Amino acid sequence: MSSHAGTIDHHHDPSTSTGIPNKKLLMWAFLASDCMFFGTLIATHLIYRLHPPAGNPSPKEIFAPALTSFSTFVLLMSSLMMALAVNGIQKGNLKSTRWSLIMTIICGSIFLGCQVYEFTEFVEVKKMTLSNSILGSTFFTLTGTHGTHVAIGVLWLVLMYVRSFKPAANTGTSAWFVKGLAHVAVFATVIVSSILALAHGAEHMAVGGETIGGALGHEIVPIVIAITGLAILGWFARDRGPVDFGQANAVDVESMGLYWHFVDIVWIVIFTAVYLLEFL
Amino acid sequence: MDATIKSSFTDKGSAVSNRPALLWRPTAKTGLMSWLTTVDHKRIGFLYGIFALFFFIVGGIEALFIRLQLAVPNNDVLTAEQYNTMFTMHGTTMIFLAVMPLSAAFFNYIMPLQIGARDVAFPRLNAFSLWTFLVGAIIINLGWFMKDGAPDAGWVGYAPLTSKTFNADHSIDMWVMGLQLLGVASIAASLNFIVTIINLRAPGMTMMRLPVFVWMTLVTAFLIILSFPAITIALVEVMMDRLFSTNFFEVSHGGMPILWQHLFWVFGHPEVYILILPAMGIISEILPCFSRKPLYGYPIVVFSGASIGFLGFAVWSHHMFTTGMGTVATAAFAMATMCIAVPTGVKIFNWIGTLWGGHLKMRTPMMFALGFIWMFMIGGFSGVMHAAAPADAQQQDSYFVIAHFHYVLIGGSMFALLAGIHYWFPLMFGRVVDEFWGKVSFWVIFAGFNITFFPLHFVGLNGMPRRTFTYDSNLGWNAPNQIATVGAFILAAGIGIYFTLMIYSYFKGQKVGRDHWDGRTLEWSIPNPPPEYNFKVIPQVHARDAFWYEKHNQAEIAAEKASLAKAEAEHGGIHMPFQSIWPLFCSVGLLVGAIGVSVMDHDPRPGFWGTKIAVTIIGGVILFFSAYMWALEGNEGYHLHADEDDDKGHGGKAHH
Amino acid sequence: MHSPFPSRFFRPVSQILAFASLILLSGCDLNFWKMQGHQTTMIANGPVAASQLSLFWVTVWVTLVIFIIVGAVLAYATIKFKARSDADEHAEPPPQGHGNPMVEIALIAASVFALVIISIPTLKGIWYTHDVPEAQKADAYNITATGYQWWFKFDYPEKIDGGAGLVTGNELVIPVGRPIRIQLRTVDVIHSFWVPKLAGKVDMIPNRGNFLWLQADAPGYFWGQCAEYCGDSHAVMRFRVVALAPMEFAAWVAAQKAPARNVAAAAGAAPGPRPQLATFKQNEYGYSEKWADGSPINPLQNWVDQQKPAATEDAALIAEGKALFGTKLCLACHTIRGHGAPGIAGPDLTHVGSRTTVAGGLLENTPAQLARWIAHPELVKPGNKMYASGYVPMNIKVADAEAVALAAYLTSLK
Ligand code: HEA
Ligand code: HEA
Ligand code: CUA
Ligand SMILES: [Cu+2]
C-alpha cells in the first residue's frame with residue numbers, strides 16, 4: 001500500500017474506494033461549488049445588464065477589449081504552463097516543474113497587473129466606481145472576485161514553488177520554516193512591486209501619453225525592489241541537496257492545477273459574458 | 001489519506017518527541033486541550049451535537065417569548081422591536097444553529113461508522129468546520145450583548161430592509177457576517193463528507209449498499225455545496241452595499257430588491273431539504289431496525305431522495321408567488337413544486353411498506369419515527385396547498401405558512417433528530433435511555449407540538465399575518481393563539497423532560513453491551529462507546545445491511561476478519577492522524593476578522609490605524625499564519641496497535 | 001428493557017391532558033375553527049377571492065382523501081404488526097422482503113393522478129387571478145396604491161379641476177361590481193397589499209411595477225393588512241376597503257374632490273369645555289364594534305354616518321386646532337387642500353374626518369382615538385415616521401390639550 005515511490009500510478013490511489021486521490025476529489029467538489037459562486041455573480045451582472053437604470057454608463061465606452069484580450073491570452077498561456085508543471089512533477093522532473101511554476105506565476109501576475117491597471121483606469125479616467133453606478137457595482141464585484149481567485153492561485157503557486165525547496169528529512173524544520181517564510185515574503189514583494197510598476201507605468205503611458213522609458217522612470221523604486229528581489233530569489237534557488245518534494249507530491253500540484261485551470265475557464269466565461277457581449 | 005502513500009506514519013512516541021518545537025503536535029487524550037485539538041470525527045460530532053442542542057434551547061426560549069407576546073391580543077410583554085428581533089433570531093437560530101448542526105453531528109458521528117471508515121477524509125478540515133460554525137454562531141448572537149441589538153430583518157432578510165437606509169446599526173452586519181461564516185463551515189464540512197463517502201467506503205461497500213442515512217448525507221452535502229454559494233454571493237452583495245455603497249439593492253441607482261429574493265430562495269428552498277433529508281435518512285435507519293426487516297424498496301428510496309434534492313433546485317420561486325412573477329413563471333414553479341410530492345410520497349409509502357409484515361418493537365425511537373411519518377405527512381399536505389399558487393396568494397406570509405413549516409420542521413426534522421439521539425445513544429455512550437421516561441417525553445412533545453401548531457392553520461386561514469407583534473381582539477384570532485401558547489409550554493416541558501432524561505442517562509443510564517437494538521448497519525458491530533479507531537479491522541462488506549449479514553453468517557465472517565486483521569497488522573497497525581491546534585486558530589482568525597468587518601465602527605483614521613481595518617487585518621493575518629502552519633505540519637499520523645481486550649474494555653458487559 | 005406499564009401509566013396521562021385541554025378551551029371562543037373573522041380567507045366577497053377559495057377547497061379535499069387512505073394503512077400496519085410480547089420480539093425475524101416494483105409504480109401513478117386533479121384548477125386560477133379578464137378590461141377602474149412605512153396612499157384616476165389627481169390614504173373606496181385594477185408601488189421597503197375577502201395579496205416591491213385586480217360583489221366594508229414584514233410597525237400597517245354602489249361612489253368622489261371643509265367660528269368666541277384626553281396603554285385596542293348601548297355597529301353604516309359633520313361641533317376649538325396645525329408644522333408633511341397645507345410625507349388629511357379609521361386602519365376615527373394618536377404616536381405605532389422624540393422636523397412637542405384641539409379640527413374635515 002505504501003512506499004512504492006517508483007511505481008506510483010498518479011491517477012490511482014489504492015487507499016481510496018474509487019482510486020481517485022482524496023485531494024483531487026475534494027478539489028473537484030469544491031470547483032462544482034465555485035461554479036455556483038461565479039454563476040450567481042455572473043447572473044447578477046447579466047440581470048442588471050438587461051435592466052440598466054437611467055444614467056448607467058455605457059459599457060461599450062468603458063471597456064477596452066484590446067487590453068482585456070491580451071490579458072485573457074496571457075491567462076490562457078498560464079494554463080499551459082500549469083499543465084507543464086503537473087506533467088513535470090508526475091515525471092519527477094523537479095527542474096521543469098519549478099520553471100513551469102515560475103512561468104505560471106509570471107503569467108498570473110501579468111493578468112493581475114492588467115486588472116489593476118484596468119481598474120485604476122476605469123475609476124480615474126472613465127469615472128466608473130463601485131458606488132456611482134450599478135454597472136460599476138456588478139462589474140467590479142464580479143471581476144474583483146475573479147481577481148481574488150487569481151491572486152489566491154498565485155499565492156498558492158508561490159507556496160508550492162517554495163515548498164519544492166524543502167530539504168529532505170526532518171533536519172532543522174524550524175530553520176526551514178524561517179527560510180520558507182522569508183522566501184515567500186521576497187516572492188510576494190517582487191510580485192506586488194512589479195505589478196504596481198507595470199500597472200502605473202501603463203497608466204502613465206495611456207493617460208499621460210509618455211514613452212515607455214519615461215513611464216518607467218516614475219516607477220524606479222518598485223523596479224529596483226523587484227530586481228533586488230529577483231536576485232535574492234535566484235540565490236534561494238541554488239541547488240542544496242535532496243529535497244522533500246517529488247513525484248509523491250504530484251497530487252498536490254495536480255489539485256492546484258485543477259483550481260488554476262478552473263479559474264482560467266471562468267475567466268473565459270466572464271470575458272465573453274461581460275466584455276465581448278457588449279460588442280456583439 | 002494521501003499521507004499513507006508517503007508512509008509518514010511513524011510510531012507515536014518517537015514521532016511526536018522528535019519533532020521540532022515549531023511543529024509541535026498536541027497529544028492530550030483528555031482534558032480541554034484534547035477537545036480543542038481533536039480531529040476525531042466522533043468527538044467533533046459530539047461537540048456539534050452539544051452546541052446544536054444549546055442553540056436549540058436558545059431558539060426555543062425565543063419561541064416561548066414569541067408565544068408569550070401573542071398569548072392574548074394587544075399584549076405588551078415585548079416591544080415591537082424586541083418582538084421583531086425575537087422571531088428573526090428564532091428562525092435564524094433554529095435553522096442554522098440548531099437543526100443543521102444537529103444533522104452535522106450525525107453526519108460526523110454516524111456516517112463514517114456506517115461506511116466502515118476510521119475517520120473522515122480530512123480530519124483537520126473537519127475540526128475547522130466545527131470551530132468555524134461556532135464562530136459564526138457567536139457573531140450572529142453578539143448583538144444580544146451590544147447596544148445595537150440582535151438582527152431584526154426576518155430570517156429571510158429581504159432587501160431593502162437590510163440596507164443602511166432602513167437598518168443603520170451593526171445588527172445586520174453581524175447577521176450577514178455570521179451567515180457567511182456558517183456558509184464556509186457548511187461547505188467545508190460537506191466537501192469533506194462527499195469525499196469521505198465516495199472514497200472511504202470499506203471494501204465491498206458499493207454505492208447501492210450504503211445505508212440510506214449515508215445516502216441522504218451525500219445528497220444533503222451536494223445540496224449544501226451547490227446552494228450555499230447563492231446566499232453567500234447575495235450576502236456579499238448586501239455587505240458591499242453596506243460597506244462600500246454599491247448599488248446591488250440600492251433602489252435609487254436601479255438596484256432591484258427582488259433579486260435578493262431570487263438569490264435567497266435559490267438557496268432557501270434547497271435549504272429546507274437540507275433540513276429534512278438527513279431526518280429522512282435517520283427514519284430510514286430506525287424503521288427497519290425496529291421492524292426487524294430491511295427497508296422496503298431501498299433503491300427507490302435512495303433514488304427518490306436524490307430526486308427530491310434535484311427537484312429542490314427548480315422550485316425556489318414558490319416562495320415568491322405573490323411577487324408578481326407573471327402567469328407562466330408562476331405556473332411553471334407551481335407545477336414543479338407539486339412534482340416534489342411524488343418522490344416524497346414514495347418515501348412515505350416505502351416506510352409503511354417496511355412496517356408491513358414486520359415485528360414492530362415499540363421503543364421510543366420507533367415512536368418518534370412513527371410520529372414523524374404522521375406529522376410530516378400533515379406538513380407536506382399543507383405544502384401542496386401552498387403549491388397551488390392562487391390559493392397561496394391567500395396563505396403566503398400568514399400563519400398558515402407558519403403551521404406548514406413547523407409541521408415539517410418540528411414534526412419532521414426535529415422528531416427525527418430526537419429519535420436519532422435516542423437511537424444512537426447506546427452506541428455513543430454505552431448506556432441506554434430509560435424507555436418509560438422516553439415514552440413520556442415523546443407523548444408530551446407530541447401533544448404539545450400539535451396543540452401549538454394545529455390551531456395556527458386556522459388562525460392563518462382566518463387572515464392573521466406572520467411577523468406581527470400584536471393583533472386586535474376582534475378578528476377571531478384570540479382562542480387559537482391562546483391555545484398555541486399553552487401548547488408551546490407543554491412542548492417546552494416535553495423537551496425539558498427529554499433533555500433531563502438524556503443528561504441523566506449519560507451519567508446514570510443502564511450500561512449495555514454492543515448492538516443494543518439488534519441493529520443492521522456497521523456502526524453496531526463495534527464496541528460502545530466506540531474506540532477512537534472505530535474498527536479494529538476494516539470490515540469486508542457482503543450485503544446491504546452489512547452487520548445483519550455478519551450476524552447471520554458468523555462463521556464465514558470470523559474467518560475473514562482474522563485474515564484481514566493479520567494483513568493489517570503486517571502493514572503496521574492502525575493509522576491514526578495527529579491532533580492539531582491550527583484548525584481552531586484558523587477559526588479564531590475568522591472570528592477576529594469578522595468582528596473587524598461587522599462589529600467595529602468605521603473610524604476616520606486612515607489605513608491600518610483605523611480600528612476597523614486594523615482588527616480585520618489582524619484577523620486575516622492570524623488566519624493566514626494558521627493556514628500556513630496547518631499546511632506545513634502536514635497530515636501525518638502515527639500507528640496504533642489495538643490490543644485484544646481493548647474490545648471488551650470499552651463495551652461494558654456483553655449483551656444478548 | 002421494556003416498560004412494564006404502558007397502559008397503566010398512559011391512560012391517566014392522556015386523561016389528564018384531555019382534561020387540561022378542556023379547561024383551557026372552555027376559556028376560549030371555540031368557534032375559531034369556523035374562521036369567520038373580518039380578515040378571513042374563508043369568505044369570498046368577490047370573484048378573485050372566490051376563485052382562490054374554491055381552489056383551496058380542491059387542495060383540501062384531495063389531500064384529505066390521501067391522508068385518510070395513507071393514514072388508515074399506516075395505522076393498520078402499526079397495530080397489526082406490533083410485537084406484542086417479549087417472545088414476539090425475540091422470535092425468528094420476519095421474512096426479509098425487499099419491496100415490490102409493481103406496488104411502487106401503482107402508488108406513483110396514483111400520486112401523479114391526485115396532483116393532476118389539483119393542477120388543473122391551479123393553472124386556470126393562475127391565469128384568471130392574474131389580471132382583469134379581457135372582456136371586462138374596458139370597464140376596469142384603475143387605482144394606484146403606494147406603500148409607506150407604515151401606511152397606504154391611494155391615487156385615484158379622477159382629476160381635481162383637471163389638475164392634480166385625487167389622493168386619499170388608508171381607506172380605499174371602490175365601486176361595486178366593477179373590476180378594480182390596482183397598481184402597487186412603494187416608496188421604501190417591500191409591503192404587500194392584502195384584503196382577504198376580496199383577493200389574495202400581491203407585494204409592493206421597489207423598482208418593480210406590480211398590480212392586482214379585485215372586485216367586490218356587493219357593498220361592504222373590508223379589513224386589509226400589509227402582509228410583508230416591513231420593519232417595526234409592520235403589525236399595525238392596516239387599511240380598509242369600502243365598496244359602494246356606483247351612485248354612492250360617484251357622490252363620494254365628488255365630495256372628496258372638494259377642498260377641505262371650513263368651520264367658521266364666531267369672532268372672539270372661546271372654546272367650550274375641552275374634552276379630556278383619555279389615557280391609553282401601549283398597544284391598547286383602538287377599535288370598537290359596539291355602540292355605547294351595546295348594540296353592534298354596522299361598519300358600513302358607520303362609515304356612511306362618518307361622512308356627515310357631527311351635530312355638536314365646537315367651532316372655536318376647531319379654529320384653535322386649525323391654527324395649531326400650522327404652528328406645529330403639521331402642514332410640512334400633510335396635505336389639507338384649501339387650508340394651505342402642502343406636505344406629502346404623510347397621508348393626505350383633506351377629508352380625514354370622513355374616514356372611519358386613522359393611523360393606518362389601526363384606530364377608530366373618534367376624537368378620543370385621534371387625540372391619542374396625535375398626543376402619543378410613538379406609543380401607538382413604534383418607529384412611525386412622524387414622531388421620534390418629538391414631531392420629526394423640529395422635534396416639536398404637542399401637549400395633551402393641543403392634541404384635543406387638533407383632533408377636533410381634523411374630525412371636522414369631512
Ligand atoms: C423541512 C422543511 C420543509 C419541507 C420538507 C417542506 C416541504 C414542502 N414545502 Fe415548504 N416550507 C418550509 C419548509 C419545508 N417545506 C419553510 C421553512 C417555509 C417558509 C419559509 C419562510 O417563508 O420563512 C416553507 C414554505 C413553503 C411554501 C411557500 C409558502 C408561502 O410563503 O407562500 C411552499 C409553496 O409552495 C411550500 C411547499 C412545500 C411543498 C410542496 C413541500 C413538499 O416537499 C411536501 C411533500 C410531502 C407530501 C405531499 C406529503 C407526503 C406525500 C404523500 C403521502 C404522497 C401523495 C400526496 C399527494 C399526491 C399530494 N413550502
Ligand atoms: C427548525 C426550525 C424551527 C423550530 C424547531 C421552531 C420551533 C418553534 N417555533 Fe418557530 N420558526 C422557525 C423555525 C423553527 N421554529 C422559522 C424559520 C420561523 C420564521 C422566522 C421569521 O419569520 O423570520 C419561525 C417562526 C415562528 C413563529 C412565528 C413568529 C411570527 O411570524 O411572528 C412562531 C409563533 O408561534 C414560532 C413558534 C415556535 C415554537 C413555539 C417552537 C417550539 O417548537 C420550540 C420548542 C422548544 C423549546 C421551547 C425549547 C425550550 C426548552 C426548555 C426551556 C427546556 C428547559 C431548559 C433546559 C433543560 C436547560 N416560530
Ligand atoms: Cu408594510 Cu408590512
Ligand atoms: Cu420551498
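One can find the structure itself at the top, above this paragraph.
Figured I'd write up the structure that's included with this text.

### Describing the site of ligand 1
Taken together, 33 residues lie near ligand 1, and Trp155, Tyr273, Asp392, His404 and Arg466 of chain B sit nearest. Two or more chains meet at ligand 1, and those chains are chains B and C. Side-chain polar atom of Tyr273 of chain B to an oxygen atom of ligand 1: 2.7 Å apart, as the coordinates give it. At 3.3 Å, a backbone N or O of Ala387 of chain B approaches an oxygen atom of ligand 1. Looking at which element gives the most residues to the shell around ligand 1, the answer is helix H13 (residues 364–387) of chain B, with seven residues. Residues of the shell around ligand 1, tallied by class, amount to 20 nonpolar, eleven polar and two charged.

### Side note on the coordination of the iron atom of ligand 1
Residues and elements named next belong to chain B. For the iron atom of ligand 1, the sole protein-derived donor is His404 (NE2), lying 2.2 Å away. The metal-metal distance between the iron atom of ligand 1 and the copper ion (ligand 4) is 4.5 Å. Relative to the elements of secondary structure, His404 occurs in helix H15 (residues 399–429).

### As for the nonpolar core
Residues Phe372 of chain B together with Phe193 of chain C are the most contacted members of the largest nonpolar core, which totals 376 residues. If you tally residues by element for this core, the top one is H15 of chain B, at 22 residues. Those residues in contact with Phe372 of chain B, other than ones at most four positions away along the chain, are Ile276, Ala279, Met280, Ile283, Trp351, Met377, Gly411, Gly412, Ser413, Phe415 and Ala416 of chain B. Residues Phe400 and Leu461 of chain B together with Leu115 and Ile118 of chain C belong to the second largest nonpolar core, which totals 19 residues.

### Some remarks on the interface of chain B and chain A
Every contact between the two is made by 46 residues of chain B and, on the other side, 48 residues of chain A. Between chain B and chain A the total buried area reaches about 4200 Å² when both faces are included, carbon and sulfur atoms providing 70% of it. One can count zero salt bridges joining chain B with chain A. At the junction of chain B with chain A, the criterion picks out twelve residue pairs in polar contact (both at pLDDT 80 or more). Elements supplying a minimum of two residues to the side of chain B that touches chain A: helix H1 (3–6), helix H7 (171–199), helix H8 (212–244), helix H9 (257–291) and helix H21 (611–633) of chain B. The biggest single contributor to the side of chain B that touches chain A is H8 of chain B, with nine residues. Grouping the amino acids of the side of chain B that touches chain A by side-chain chemistry returns 30 nonpolar, twelve polar and four charged.

### Quick look at the side chain of Thr138 of chain A
Tracing the backbone through its elements, the reader meets Thr138 of chain A in helix H5 (residues 134–163). The exposure class assigned to Thr138 of chain A is buried, which follows from its relative accessible area of 4%. Of the polar contacts made by the side chain of Thr138 of chain A, one reaches the backbone oxygen of Leu135 of chain A; its length is 3.2 Å. Thr138 of chain A has contacts with Thr44, His45 and Tyr48 of chain A together with Phe248 of chain B, leaving out every residue within four places of it along the chain.

### Side note on the interface of chain B and chain C
One frequent convention defines the size of an interface as the accessible area lost when the parts assemble. Chain B puts 116 residues into the contact, and the matching count from chain C is 107 residues. Between chain B and chain C, roughly 9500 Å² of surface is buried when both sides are summed, and carbon and sulfur atoms account for 69% of that area. Our count for the chain B to chain C interface comes out at two salt bridges. The tally of links between chain B and chain C comes to 26 residue pairs in polar contact (both at pLDDT 80 or more). Looking at side-chain class alone, the side of chain B that touches chain C contains 64 nonpolar, 35 polar and 17 charged residues.

### Focus: the coordination of the copper ion (ligand 4)
Only His269 of chain B (ND1), His318 of chain B (NE2) and His319 of chain B (NE2) from the protein coordinate the copper ion (ligand 4), and they sit 1.8 to 2.1 Å from it. All donors of the copper ion (ligand 4) come from a single chain, and their spacing in sequence reads H-x48-H-H.

### Notes on the arrangement of the chains
The highest contact count of any of the two pairs of chains in contact belongs to chains B and C. As for chain C relative to chain A, no contact occurs, and the smallest C-alpha gap between them is 10 Å.

### Thoughts on the packing of helix H1 (residues 22–50) of chain A against H5 of chain A
Residue and element names in this part refer to chain A. The N-to-C vectors of H1 and H5 enclose an angle of 160°; their axes lie 7 Å apart at closest approach. Relative to H5, H1 is oriented roughly antiparallel. Remark: the crossing between H1 and H5 carries left-handed chirality. Across the interface between the two elements, Met27, Asp34, Phe38, Leu41, Ile42, Thr44, His45 and Tyr48 of H1 pack against Ile134, Leu135, Thr138, Phe139, Thr141, Leu142, Thr145, His146, His149 and Trp156 of H5.

### Quick look at the packing of aromatic side chains
Under the counting rule described, the total for this entry stands at 88 aromatic pairs over all chains. Between Trp267 of chain A and Tyr275 of chain A the ring centres are 6.0 Å apart and the planes differ by 55°, which places this aromatic pair in the tilted class. Among the residues examined, Trp267 of chain A registers a relative accessible area of 1% and is labelled buried. Both rings, one in Tyr156 of chain C and one in Trp252 of chain C, keep their centres 5.4 Å apart while their planes meet at 55°; by these two values the pair is tilted. Taken together, the residues span a long stretch of sequence, with Tyr156 of chain C in strand S2 (residues 151–159) and Trp252 of chain C in helix H5 (residues 246–257) at a distance of 96 residues. Accessibility assignment for this pair places Tyr156 of chain C and Trp252 of chain C in one class, buried. Over the face of the ring belonging to Phe211 of chain C we find Arg181 of chain C, whose NZ or CZ atom lies 4.0 Å from the ring centre. Positioned over the ring face of Tyr287 of chain C is Arg240 of chain C, at 4.8 Å from the centre of the ring.

Cut-offs and rules
- Residues numbered from 1 in each chain as written.
- Chains lettered and ligands numbered in written order.
- Predicted model: local features only at pLDDT ≥ 70, side-chain atom pairs only at ≥ 80, totals over all residues.
- Heavy atoms only, no water.
- Near = heavy atom within 4 Å.
- Polar contact = N/O pair within 3.5 Å; in protein donor to acceptor, adjacent residues only side chain to side chain.
- Helix = DSSP H or I, 4+ residues; strand = E, 2+ residues; numbered from the N terminus.
- Nonpolar A, V, L, I, M, F, W, Y, C, P; charged D, E, K, R; others polar.
- Donors = N, O, S within 2.8 Å, 3.2 Å for Na, K, Ca; no water.
- Core = buried A, V, L, I, M, F, W, Y, C linked by side-chain atoms within 4.5 Å.
- Buried < 20%, exposed > 50% of the residue type's maximum accessible area, 1.4 Å probe, protein only.
- Contact = heavy atoms within 4.5 Å.
- Buried area = accessible area lost by both parts, 1.4 Å probe.
- Salt bridge = Lys/Arg side-chain N within 4 Å of Asp/Glu carboxyl O.
- Axes fitted to C-alpha atoms, helices over the stretch in contact; angles between N-to-C directions.
- Parallel < 35°, antiparallel > 145°, perpendicular 65-115°, else oblique.
- Left-handed = near helix turned anticlockwise from the far one by under 90°.
- Phe/Tyr/Trp six-rings, centres within 6.5 Å; stacked < 30°, edge-to-face > 60°.
- Lys NZ or Arg CZ within 6 Å of the ring centre and 35° of its normal.

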